[in-house]
Amino acid sequence: MTPTTEAELAEIVRGANAPLSLRGGGTRHVPGAGEPLTTAGLTGITLYEPGALTLVARAGTPVEVVENALRAEGQRLPFEPMDHRTLLGTDGTPTIGGAVAMNVSGPRRVQAGACRDSLIGVRFVDGSGEVIKNGGRVMKNVTGYDLVKLMAGSRGSLGVLTEVAFKVLPAAATQATLRLDGLDPTDAVAAMSAALGSPFDVTGAAHDVAGRTTWIRLEGLEGSVDYRAGELGGVLSRHGDVARLDAGESAMIWSAVRDVRVLAGSGRDVWRVHCRPSHAVRVLDAVGLDAALMDWGGGLVWLAVPAGTDLRAWLDGVPGYATRVTGALDVVPEVAAVAALTDGIRAKFDPRGVFAA
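All values reported here derive from a predicted model rather than from experimental measurement.

Chemist: How would you explain the overall build of the chain if you had to name every residue and give the values?
Modeler: Scanning the chain from N- to C-terminus turns up 13 helices and 17 strands. In terms of overall dimensions, the chain is globule-like: its C-alpha atoms have a radius of gyration of 21 Å, near the 21 Å expected for 357 residues. Each principal axis of the C-alpha atoms in the chain carries an extent, and together these give about 65 × 50 × 35 Å. A total of 357 residues make up the chain; the buried ones form 48% of that total. Partitioning the intrachain contacts of the chain with sequence separation of at least 6 by distance along the chain shows that 70% fall at a separation of at least 24. When the accessible surface of the chain is summed, it comes to about 15,600 Å², and 52% of that surface belongs to carbon and sulfur atoms. Measuring between centres, the 34 positive side-chain charges of the chain sit 4 Å from its 39 negative side-chain charges.

Shown next, in the form of structure tokens:
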């Protein structure tokens, strides 16, 4: 089912007698029980005010369309959404609603925050078929319960997004990346922590474990980037030789980091582990694999493990949580108090279990 209006979507949900399997552009969808329902027919930018740094789009609008519109005005989405197609081997078209539903946030999260931090308004259809609006189209609004943040990362379990509103930011005039080679994970985390703890406004910090390569990104005006790169290079020199990559090479590297291309085509299950950067090495030691990507300064660890492996069993005792990205998307077990709260929220938004699939 591919509704083209919010009213049509609401009618479908009201009339549903069985679970619905929600999807956007199909780039991250894992087939499962339920009748397929896609938001791909709900497209278009409904409001864009560059001077106010706000943009509103229907949920099925391709991310590329949004980014092209912003680029034409010298602006960008702050949270650098990932394109999952290379890693997951899928086709389809990434949608802006799908990015919100999964709270997709790229390397720039260390500086600009997650997708939910840029989200200022949503419209969605709940499990009763009611249309709910929360937030607004401006950055300053008071609307009671913050359903905007609740919907980000809810994976369609509370409702079907129909429209999303964002605050956007000016695009950087240029960028540069500082590269260190040969570091082991412990030294890489130390170098990334030093960079992120510096006053030089780092917008990316990642490490390829197998390649023993560490990258630190700086963005902004050319003069500012030159100055900060020089100063930060001096700070990082105690960790090894520092090379500076120009804007073109830097952009290619961070596109690859964003999309986790180093683990694409491995034939293994890919997991992502959220942890403290200081615990990233413990994660790698527990898994015992050298093919991994650390992003967010070590706060996010991407791993490729043998198919069918439950990585959570390997990480028993390591603080953090793990989610399988390829294969079935497991729900991470919650402690009893949190599970009770989650069940209560779902019962309010989806009392018939329409979005349970």
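What follows continues from the structure just given.
Chemist: So what about the packing of aromatic side chains? Which residues, and what values?
Modeler: Tallying each qualifying case throughout the model produces two aromatic pairs. Between Phe124 and Phe349, the aromatic rings sit 6.1 Å apart at their centres with planes inclined by 40 degrees, giving tilted as the arrangement. With Phe124 in strand S6 (residues 119-125) and Phe349 in helix H13 (residues 336-349), the pair connects residues that are 225 residues apart, well separated along the chain. This pair shows no difference in class: Phe124 is buried, exactly as Phe349 is.

Chemist: I'd love a proper account of helix H9 (residues 222-236), names of residues and values included.
Modeler: When the terminal C-alpha atoms of H9 are compared, their 21 Å separation across 15 residues agrees well with the 21 Å that a helix rising 1.5 Å per residue should span. Looking at H9, one finds that the buried residues are Val225, Arg228, Ala229, Leu232, Gly233 and Leu236. End-on, the buried residues of H9 take up no more than an arc of 135 degrees, which puts them together on one face. Those residues of H9 that are exposed and angled more than 90 degrees off the buried face are Gly223, Tyr227 and Gly230. Close packing links the buried residues of H9 with strand S10 (174-181), helix H8 (185-196), strand S11 (202-208), strand S12 (213-220) and strand S13 (242-245).

Chemist: Account for the nonpolar core, with residues named and values stated.
Modeler: Nonpolar side chains tend to gather and get buried jointly when the protein is soluble and globular. Grouped together as the largest cluster of nonpolar side chains are 34 residues, with contacts concentrated most on Ile216, Leu232, Met294, Val301 and Leu303. Not counting chain neighbours up to four residues away, the residues in contact with Ile216 comprise Ala176, Thr177, Leu178, Met192, Ala195, Val202, Gly204, Ala205, Leu232, Leu236 and Trp254. Formed by 26 residues, the second largest nonpolar core is a distinct cluster that contains Phe79, Val148, Leu158 and Phe349.

Scoring rules and cut-offs
Residues numbered from 1 in each chain as written. Predicted model: local features only at pLDDT ≥ 70, side-chain atom pairs only at ≥ 80, totals over all residues. Heavy atoms only, no water. Helix = DSSP H or I, 4+ residues; strand = E, 2+ residues; numbered from the N terminus. Rg over C-alpha atoms; globule rule 2.2 N^0.38 Å. Buried < 20%, exposed > 50% of the residue type's maximum accessible area, 1.4 Å probe, protein only. Contact = heavy atoms within 4.5 Å. Areas by Shrake-Rupley, 256 points an atom, 1.4 Å probe, with all protein chains shown as cover. Lys, Arg positive; Asp, Glu negative; His and termini not counted. Charge placed at Lys NZ, Arg CZ, Asp CG, Glu CD. Phe/Tyr/Trp six-rings, centres within 6.5 Å; stacked < 30°, edge-to-face > 60°. Expected span 1.5 Å × (residues − 1). Arc of directions from axis to C-beta. Core = buried A, V, L, I, M, F, W, Y, C linked by side-chain atoms within 4.5 Å.

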